[in-house]
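Geometric and topological summary
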Amino acid sequence: MSRPDWNHYFINIAKEVANRSSCLRNKVGAVIVRDKDIISTGYNGAPQYQKNCTEIGYCYRNRNKIKSGTQLELCRAVGSHAESNAISLAARNGHSTKDATIYIVGHRFVCNQCKAQIANANIAKVILCTPEDEIFEFFPENDWTVHPIDEK
């Protein structure tokens, strides 16, 4: 039996973290790593103190046929994506995210809000594993230098 390389090791952990998601539409997990040590994890779902979709029994976005990636403010998990939750947990526990790597699984792109939070947290590298198990690597300092409204 062969051992997974470090990327696949942390991707597999992020997949397990995604299982904690309370989102009925899409389960996303994130793991922040620095020097091969996990400093934080996060999954998508409603913020603390609020009911989540699992508890309520339906997804507002599905019920109202809201296209994925749009009108994010109409989601119980607004501001509580896996990436932002992992960054918040690291901060709450006093772990610097500077020069860390974040491993993200469960979706095909990182939303603009999370891109901004990742960049502002000085996370150096992003490894994204899509639901189809495609792996993409991003370096925010080089790859995310143009604001989305200027991309046209």
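Just above sits the structure.
Residues numbered from 1 in each chain as written. Predicted model: local features only at pLDDT ≥ 70, side-chain atom pairs only at ≥ 80, totals over all residues. Heavy atoms only, no water.

Under the defined criterion, the tally for this structure stands at four salt bridges. Two residues, Glu132 and Arg108, come together in a salt bridge whose shortest N-O distance is 2.5 Å. With a gap of 24 residues between them, Glu132 in the loop between strand E4 (125–129) and strand E5 (135–138) and Arg108 in the loop between strand E3 (101–105) and helix H5 (112–120) connect regions that are remote in the sequence. Judged by its relative accessible area of 43%, Glu132 falls in the partly exposed class. Glu137 is paired through a salt bridge with Lys125; the nearest N and O atoms lie 3.8 Å apart. With Glu137 in strand E5 and Lys125 in strand E4, this residue pair connects regions lying twelve residues apart in the sequence. Given the relative accessible area of 23%, Lys125 is considered partly exposed. (Salt bridge = Lys/Arg side-chain N within 4 Å of Asp/Glu carboxyl O. Helix = DSSP H or I, 4+ residues; strand = E, 2+ residues; numbered from the N terminus. Buried < 20%, exposed > 50% of the residue type's maximum accessible area, 1.4 Å probe, protein only.)

These values are about where atoms sit, not about what they do.
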